[in-house]
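# Observations on the three-dimensional arrangement
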Amino acid sequence: QVQVVESGGGLVQSGGSLGLSCVASGSTGAIYRMAWYRQAPGKQRELVANINVDGTTNYADSVKGRFTIVRDNARNTGYLQMNSLKPEDTAVYYCNVDFFGDYNPSGYWGQGTQVTVSS
């Protein structure tokens, strides 16, 4: 029923930019938190950024000043703008969504989208 779909990944040169989209659907409740995670080969999945229902945001130290998370609540859509990309940003990026009235402690995950940054 609930579906989370990411898009926008691809190959970019170091210093370039990419924008990722996350569309959530199928829940009867509104989104109260949307987050982006990433997982590089051989590494643990890590939180990149999240945006709360009140619009407050959090960023990993490694991406502060380079990444921006935004939202469109009316369309249950989130966006991660990634600027000044570095090779160490290479990873599969996942969107995670929590809804009002939904007690799934893990939230709902998308399938991921690959971001590759060349040196």
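The following paragraphs examine the structure supplied in this document. This is a predicted model, so every value here is computed, not measured. (Residues numbered from 1 in each chain as written. Predicted model: local features only at pLDDT ≥ 70, side-chain atom pairs only at ≥ 80, totals over all residues. Heavy atoms only, no water.)

Time to look at the sheet that holds strand 7 (residues 67-72). Pairing within the open sheet is antiparallel, and its 4 strands lie in the order 1-3-8-7. Since the sheet does not close on itself, it has two edges, and those belong to strand 1 (3-7) and strand 7, each with one partner. For this sheet the average axis-to-axis angle between neighbouring strands, irrespective of direction, equals 15°. For strand 1 and strand 3 (residues 18-25), the ladder comprises 5 bridges, and the chain directions are antiparallel. Across the sheet, the residue bridging to Val5 is Val23, located in strand 3. (Pairing = 2+ DSSP bridges. Helix = DSSP H or I, 4+ residues; strand = E, 2+ residues; numbered from the N terminus. Axes fitted to C-alpha atoms, helices over the stretch in contact; angles between N-to-C directions.)

Within the secondary structure, Trp109 is located in strand 10 (residues 108-109). Through-space distance from the C-alpha of Trp109 to that of Ile69 is 17 Å; in sequence the pair is 40 residues apart. Apart from the residues lying within four places of it in its own chain, the contact partners of Trp109 are Val4, Tyr37, Arg45, Tyr94, Cys95 and Asn96. In this structure the side chain of Trp109 is engaged in a polar contact, spanning 3.3 Å, whose partner is the backbone oxygen of Ser106. (Contact = heavy atoms within 4.5 Å. Polar contact = N/O pair within 3.5 Å; in protein donor to acceptor, adjacent residues only side chain to side chain.)

Moving on, we come to the environment of Tyr32. Tracing the chain through its elements places Tyr32 in strand 4 (residues 31-39). Spatially, the C-alpha atoms of Tyr32 and Glu6 are 18 Å apart, while their sequence positions differ by 26 residues. If we ignore the near neighbours within four places in the chain, the residues touching Tyr32 are Ile51, Asn52, Val53, Asp98, Phe99 and Phe100.

Turning our attention to the pattern of salt bridges. Evaluated as defined, the whole model comprises 6 salt bridges. Between Asp89 and Arg38 there is a salt bridge whose closest N-O contact spans 2.9 Å. Placement of the pair is Asp89 in the loop between strand 8 (77-82) and strand 9 (91-99) and Arg38 in strand 4, with a sequence separation of 51 residues. Here Asp89 matches Arg38 in class, with each residue buried. One salt-bridge network, held together by shared partners, links Arg38, Glu46, Arg66 and Asp89. (Salt bridge = Lys/Arg side-chain N within 4 Å of Asp/Glu carboxyl O. Buried < 20%, exposed > 50% of the residue type's maximum accessible area, 1.4 Å probe, protein only.)

The next thing to look at is empty space enclosed by the protein. Scanning all chains against the criterion turns up 1 cavity of 30 Å³ or more. Size it by volume and the largest cavity reaches roughly 70 Å³. Surrounding the largest cavity, Ile31, Tyr32, Arg33, Met34, Ile51, Asn52, Val53, Arg71, Asp72, Asn73, Asn76 and Thr77 form its lining. Among the elements of the structure, strand 4, strand 5 (46-52) and strand 7 are those that each provide at least two residues to the lining of the largest cavity. Among the elements that take part in the lining of the largest cavity, strand 4 stands out by supplying 4 residues, more than any other. Here the residues of the lining of the largest cavity are counted per class, giving 5 nonpolar, 4 polar and 3 charged. (1 Å grid on protein atoms, 1.4 Å probe; cavity = no way out; pocket = protein on both sides within 12 Å on 5 of 7 lines; lining within 4 Å. Points joined across faces, edges and corners; volume = space filled by probe spheres on them. Nonpolar A, V, L, I, M, F, W, Y, C, P; charged D, E, K, R; others polar.)

Spatial relationships are all this shows, so hold off on functional conclusions.
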